[in-house]
Structure formats: C-alpha cells, structure tokens
Amino acid sequence: MDIRVGQGYDVHSLGEGLRLVLGGIEVPHTKGCIAHSDGDVAIHAICDALLGALALGDIGKLFPDNDPTLKGIDSKILLRKVCQEVTDRGYSISNVDCTIAMQRPKLRPYIDTMREVLAEQMGITADRVSMKATTTERLGFEGREEGVSAMAVVLICKE
Ligand code: MG
C-alpha cells in the first residue's frame, strides 16, 4: 500500500458586497472573497493538499491567476481537475480534513452541505470529508474580518 499525505493553506481578503463562496456553496454574508476565481479558500486549500500529496506543486502552478479563462471560475471545476490528477496516478482519496477560519458569519449551519457537495465533486462519500470552522477570537486578519483562511490535510492511497 502506497500512502501519501498532503497539506494545503489558503487566504483571501474580504470585500464588501461580494459573493461569499466556501466549501463549494454560497454562504449569505455582507462580504465575499476578493479573488481571480470565485475565491473559495476551502476548495483552494483542499486542492493544494491533494497536489501536495502528489508533489505536483501548488494550485497557482496548475491554474495561474493571470489566466483570463479562469476569471471568476467555479472552484469546484478546479477541484475536479485536481482529483483527476489523483486518479490518473492510480490513487484514491482516503479522507479530507479542512478547517476554515473566519470571524463571521457562523458556518456551522452550512458545514454538512459543504461536506456533501465536496464529496460529490471528489467522487467519495461524505463520511470521508471533514469540514470544520473556527473563529480566531477576534485576533488577526480573520478576527478583524479582513480575510478568511483555510487549512486542509488529505490522505491518498494506492493498493
Ligand atoms: Mg485561493
């Protein structure tokens, strides 16, 4: 059994009046992420974790932020492409664990929907996808509501 682990981290700043897309779904809020794509930090962290497990570099290498065809792109498309890289190499995703750090809004009501949506995109069951949310107790850029960060760890394996 060939087992690989990967970790990912992403940050986006928040801007007033923008769509907030997290974990593949739109979360109602007054602010959203400023980004070339839809700014889904959770998916970006998961993509980086998967790419890290494969030692393929980072999401910016695969999907450059100066590529006009990627402007405003749904990050679920990026996730599916990264998962294809995983399966192309004979690996399957064992599990994903992701934490989103932001002060507001409370994300708990959306967590299970995120898990279902992400699991479907990755072709795995939702019991293999853990999504968590934390505030930073008003500390740092997340606590000041200037930005959102996400961390992810994944395990992939091949028989
Ligand atoms: Mg990003």
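What this report covers is the structure whose coordinates are included nearby. Quick caveat, the model's predicted, so the values are computed rather than measured.

1. Focus: the coordination of the magnesium ion
Distances from the magnesium ion to its protein donors, namely Asp10 (OD), His12 (NE2) and His44 (ND1), fall within the range 2.2 Å. Here the donor residues for the magnesium ion map to a single chain with the spacing D-x1-H-x31-H. Across the pair, exposure class does not vary: Asp10 and His12 are buried alike.

2. A look at the nonpolar core
Counting 48 residues, the largest nonpolar core has Leu22, Ile46, Leu50, Met122 and Met131 as its most contacted members. Elements that contribute at least two residues to this core include exactly α1 (41-54), α3 (75-88), β5 (92-101), α4 (108-122), β6 (129-134) and β7 (147-158). Broken down by element, the residue count for this core peaks at 11 residues, all from α1. Setting aside chain neighbours within four positions, we find Met131 in contact with Gly23, Ala42, Ile46, Cys98, Ile100, Ile111, Met114, Arg115 and Leu118.

3. Some words on the pairing of β5
Extensive coverage of β5 is indicated by the burial of 7 of its 10 residues. In this structure, β5 lies alongside β7, joined through 9 bridges in antiparallel fashion. Its bridge partner lying in β7, Cys98 is registered against Ala152. Of the pairings in the sheet, the one linking β5 to β6 comprises 6 bridges and is parallel in character. Across the sheet, the residue bridging to Asp97 is Ser130, located in β6.

4. Comments concerning the pattern of salt bridges
All chains considered together, the criterion is met by 8 salt bridges. Taking the shortest distance from any N to any O, the salt bridge between Glu26 and Arg19 comes out at 2.9 Å. Residue Glu26 is classed as partly exposed on the basis of its relative accessible area, which comes to 47%. Where Glu85 meets Arg89, a salt bridge forms, and the shortest distance between an N and an O atom there is 2.8 Å. Judged by its relative accessible area of 24%, Glu85 falls in the partly exposed class. You can call Arg89 partly exposed: its relative accessible area is 33%. Among the ionic contacts, a cluster of salt bridges with common partners joins Arg104, Arg138 and Glu145.

5. Digging into α1
Taking 1.5 Å per residue as the helical rise, α1 with its 14 residues ought to reach 20 Å, and the 20 Å between its terminal C-alpha atoms agrees with that figure. With respect to burial, α1 is a largely interior element, 13 of its 14 residues being buried. Once α1 finishes, Ala55 follows within two positions and takes phi at roughly 55°, a positive value.

6. Quick word on the sheet that holds strand β1 (residues 2-16)
What the 5 strands build is an open sheet, ordered β4-β1-β7-β5-β6; its pairing is mixed. This sheet does not close on itself; its edge strands, each paired only once, are β4 (31-33) and β6. Neighbouring strand axes in the sheet, compared pairwise and without regard to direction, differ in orientation by 20° on average. Running over the sheet, α4 touches β5 and β6 and is turned about 140° from β6.

7. As for α4
Compared with an ideal rise of 1.5 Å per residue, which puts 15 residues at 21 Å, α4 spans 21 Å between its outermost C-alpha atoms and is within 8% of the ideal. Burial in α4 covers these residues: Ile111, Met114, Val117, Leu118, Ala119, Gln121 and Met122. Those residues of α4 hidden inside the fold are in contact with β2 (21-22), β3 (25-26), α1, α3, β5 and β6.

The rules behind these values
- Within every chain, residues take consecutive numbers counted from 1 along the sequence as written.
- At least 70 in pLDDT is required for a residue's local features to be given in this predicted model, at least 80 for side-chain atom pairs to be given and counted, and no such filter applies to totals for whole chains, interfaces and linings, which use all residues.
- Think of the side-chain values as coming from all heavy atoms in the structure, minus any hydrogens and water.
- For Na, K and Ca the donor cutoff is 3.2 Å, while for all other metals N, O and S atoms must lie within 2.8 Å; water is not among the atoms, so some sites may look incomplete.
- Relative accessibility thresholds used throughout: buried, under 20% of the residue-type maximum; exposed, over 50%; partly exposed, between the two (1.4 Å probe, protein chains only).
- The criterion is simple. A nonpolar core is a set of buried Ala, Val, Leu, Ile, Met, Phe, Trp, Tyr and Cys residues joined through side-chain atoms within 4.5 Å.
- By definition, any uninterrupted DSSP run of H or I lasting at least four residues is a helix, any uninterrupted run of E lasting at least two residues is a strand, and each is numbered from the N terminus.
- Two residues form a contact once any of their heavy atoms are found within 4.5 Å.
- Criterion used throughout: strands pair if DSSP finds at least two bridges between them.
- Within this document, salt bridges are pairs made up of a side-chain nitrogen of Lys or Arg and a carboxyl oxygen of Asp or Glu, the two lying within 4 Å of each other.
- To estimate how far a helix should extend, the number of its residues minus one is multiplied by 1.5 Å.
- Geometry is summarised by axes, namely lines fitted to C-alpha atoms with helices restricted to the contacting stretch, and by angles between N-to-C directions that run from 0 to 180 degrees.

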